[in-house]
Amino acid sequence: MQKTLEEVEGRLDAAENTVSSWGPVPQDPNLADQHVHNVTKFREGLSDLQRGVDDVNDQAARFSAHNIPLAADNSTRLHRLNSRWKNFEGAVNDRWRQVAGRSREVTPLTAAQLGSSVSSPWERAIATNKVPYYINHAQETTYWDHPEMMSLFDALADLNHIKFSAYRTAAKLRALQKKLALDQANLQLVTDVFDEHGLRGQNDRLIEVSDMVVVLSTLYSRIASDQPEINTNLTTDLCLNWLLNVYDSQRTGQMRVLSFRVGLVCLCKGHLEEKYRYVFRLIADPNRLVDQRKLGLLLHDCVQVPRQLGEVAAFGGSNIEPSVRSCFTKAGKDRDTIEAVHFLSWVQQEPQSLVWLAVLHRVAASEQIQHQVKCNICKTCPIVGLRYRCLKCIGFDMCQQCFFEGRSSKSHKITHPMHEYCSATTAGDEVKDFTKALKNKFKSKRALQKHAKKGYLPVQTVLEVSSSSVVSPQCKSVLI
Ligand SMILES: [Zn+2]
Ligand SMILES: [Zn+2]
């Protein structure tokens, strides 16, 4: 730990030196662009240092979990490192806001611009609390939903043939994510936009529709500057529509800032673990600790995402208390608070209330992956997307479509344990699976079930087929 601490301190020294070498913010707008670029690049490079700081804290937490007290000296140094890091991060963010503000002012979309997100016979109208609604003049009807949101929801019904709720939910969320172009919004961009609009530390405050429009306009105009094909009027309006459906179904015109941020973070593009770390930091106090109430709020806001799709039942319903309790068991007995390391080790087991998010990341990560094998059910070759290999039948592979539909064959039963691949496999994996399959062949069904239950409970619980199980490799570092 001493070594990691020293190393992180050294890197922080260097980073602080770089920052102090920056002069005053350039007034010349032409220079400002270059400056934004430099600061942006510098901030991107900081995620490594952030990880270093997290690591030292995680290590310290692990010691205290085993009742090993830290040497007084190390504890003071860790404390100093954390406050230095906080100040440093604040300074870099301030700098970024200053230079970014100078170079590209984004004017939020006007009502007239947002109005162009629909065309005749539709009209976008605004209620007194600024909430948009949509009028169909041909049918003389009004709706809270944008016409494209309604057709998206009709299309999502086609995914109801997917037998397993976590996969069904993930497939729907993936379609939604693409429609809202949030698959183009990476986590760093999303959190930058939050910071730029002063949403930091405002979790319990309410955000009004007009302010949501400001934040979303900025987000989508940034995305559109790299992806000109993105229609900012439409995506801003649709994303607002989605957030209101999830967190303000009564259309009061406001929601908690925390909800607004959590919703966008869930569906944006990024590493799953970084998302988890980010949402934990969102709710943590200055000592990087989270109590039960805060964790409850966070999980509540997370499960609203599948709930809006009518998919909450399989994820423990709206009651998040059991999840909070199960997460707190990671911290040991009678603890009032948890640290990031406890939360992360809990989410890594894909708890029932969050498994849809992990599966969404796997579905997205595997979307373009080709596996050079044939599906033993529908004969498709190569398999594209997730690939499933039976651990009981020898050399038995299935494609994502067949697995999702719960198809079986003469020899292969739906109850067989499966291995899920979300990346192309290496020869080593094949051999491992082959030996596993051999072993399974000689095991009784009962023993197999017992084994499956013991090792792979979290995913199994959402598969809705009591004796079926899927082993999924850790894929958390894959970008979606
Ligand atoms: Zn198939
Ligand atoms: Zn099988």
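Computed from a prediction, not measured in an experiment: that's the story for all the values here.

A. Structural view of helix α11 (residues 272-283). Compared with an ideal rise of 1.5 Å per residue, which puts 12 residues at 16 Å, α11 spans 17 Å between its outermost C-alpha atoms and is within 8% of the ideal. In terms of burial, α11 is a largely internal element, 9 of the 12 residues being buried. Taken together, the buried positions of α11 are occupied by L272, K275, Y276, R277, Y278, V279, F280, L282 and I283.

B. View of the packing of aromatic side chains. Inspection of the entire model under this criterion finds 15 aromatic pairs. Centroid distance Y276 to F343: 6.1 Å. Interplanar angle 85°. Geometry classified as edge-to-face. Of this pair, Y276 sits in helix α11 while F343 sits in helix α14 (residues 340-347), and the two are 67 residues apart along the sequence. With a relative accessible area of 7%, Y276 lands in the buried category. Looking at F343, the relative accessible area reads 1%, which means it is buried. Ring centres 6.3 Å apart and planes at 40° place the aromatic pair F343 and W346 in the tilted group. With F343 and W346 both in helix α14 and 3 residues apart, the pair spans about one turn of that helix. Residue F343 shares its accessibility class with W346, and that shared class is buried. What links up through ring pairs into an aromatic cluster is the set F164, Y167, Y388, F403 and F404. Between the NZ or CZ atom of R387 and the centre of the ring of Y421, over which it lies, the distance is 4.6 Å.

C. Broad picture of the coordination of the zinc ion (ligand 1). At the metal site, the zinc ion (ligand 1) is ligated by C375 (SG), C378 (SG), C399 (SG) and C402 (SG), and these contacts range over 2.3 Å. In this structure, the zinc ion (ligand 1) is surrounded by 4 donor atoms whose angles at the metal cover 105 to 116°, and the resulting shape is tetrahedral. Sequence positions of the donors to the zinc ion (ligand 1) reduce to the motif C-x2-C-x20-C-x2-C. With C375 in the loop between β8 (370-371) and β9 (383-384) and C402 in helix α16 (residues 400-404), this pair connects stretches of sequence that are 27 residues apart.

D. Local environment of the coordination of the zinc ion (ligand 2). For the zinc ion (ligand 2), the full set of protein donor atoms is C390 (SG), C393 (SG), H412 (ND1) and H416 (ND1), at a range of 2.1 to 2.3 Å. All donors of the zinc ion (ligand 2) come from a single chain, and their spacing in sequence reads C-x2-C-x18-H-x3-H. With C393 in the loop between β10 (387-390) and β11 (397-399) and H412 in the loop between α16 and β12 (418-421), this pair connects stretches of sequence that are 19 residues apart. Side by side, C393 and H412 carry an identical accessibility label, which is buried.

E. Spotlight on the pattern of salt bridges. For the structure shown, the criterion picks out 26 salt bridges. A salt bridge links D13 to R84; the nearest nitrogen and oxygen atoms lie 2.6 Å apart. With a gap of 71 residues between them, D13 in helix α1 (residues 2-21) and R84 in helix α3 (residues 72-103) connect regions that are remote in the sequence. The exposure class assigned to D13 is partly exposed, which follows from its relative accessible area of 38%. A network of salt bridges, in which partner residues are shared, links D54, D58, E273, R277, R281 and R288.

F. Local environment of the nonpolar core. Among the nonpolar cores identified, the biggest contains 106 residues, and L182, W242, F260, L295 and F343 are the most heavily contacted of them. Those residues within four positions of L295 in sequence are excluded, and the remaining contacts are I283, V290, V324, C327, F328, I338 and F343. M1, V19, V56 and W85 belong to the second-largest nonpolar core, a separate cluster that totals 23 residues.

G. Up close: unusual backbone geometry. Following S120, the chain continues to P121 via a peptide bond in cis, the omega torsion being 5°. Between C381 and P382 the backbone carries a cis peptide bond, its omega angle lying at -5°. Positionally, P382 belongs in the loop between β8 and β9. Non-glycine residue K130 carries a positive phi angle of around 75°. Take K130: it is sitting in the loop between β1 (122-126) and β2 (132-136). Backbone geometry places R288, a non-glycine residue, at a positive phi of 60°.

H. Highlighting the UniProt feature "domain: WW" (unreviewed entry) in the protein chain. Within the UniProt annotation, "domain: WW" (unreviewed entry) is assigned to residues 116-149. Taken end to end, residues 116-149 is 9% helix and 38% strand, and its first and last C-alpha atoms sit 15 Å apart.

I. Region of the structure containing the pairing of β10. Residue alternation in β10 divides its side chains into two sets, R387 and R389 and Y388 and C390, and both sets are buried. Pairing analysis gives 3 bridges linking β10 to β11, with the strands arranged antiparallel. Opposite R387, over in β11, you have C399 as the bridge partner. Between β10 and β11, which follow one another and run antiparallel, lie 6 residues, and G395 among them has a positive phi close to 60°. Bridging between β10 and β12 involves 4 bridges; their strand directions are antiparallel. If you follow R387 over to β12, its bridge partner there is Y421.

Rules of the game
- Residues numbered from 1 in each chain as written.
- Chains lettered and ligands numbered in written order.
- Predicted model: local features only at pLDDT ≥ 70, side-chain atom pairs only at ≥ 80, totals over all residues.
- Heavy atoms only, no water.
- Helix = DSSP H or I, 4+ residues; strand = E, 2+ residues; numbered from the N terminus.
- Expected span 1.5 Å × (residues − 1).
- Buried < 20%, exposed > 50% of the residue type's maximum accessible area, 1.4 Å probe, protein only.
- Phe/Tyr/Trp six-rings, centres within 6.5 Å; stacked < 30°, edge-to-face > 60°.
- Lys NZ or Arg CZ within 6 Å of the ring centre and 35° of its normal.
- Donors = N, O, S within 2.8 Å, 3.2 Å for Na, K, Ca; no water.
- Tetrahedral: all angles 85-135°; square planar, octahedral: opposite > 155°, others 65-115°.
- Salt bridge = Lys/Arg side-chain N within 4 Å of Asp/Glu carboxyl O.
- Core = buried A, V, L, I, M, F, W, Y, C linked by side-chain atoms within 4.5 Å.
- Contact = heavy atoms within 4.5 Å.
- UniProt positions renumbered as here; feature names shortened; annotations may be inferred.
- Pairing = 2+ DSSP bridges.

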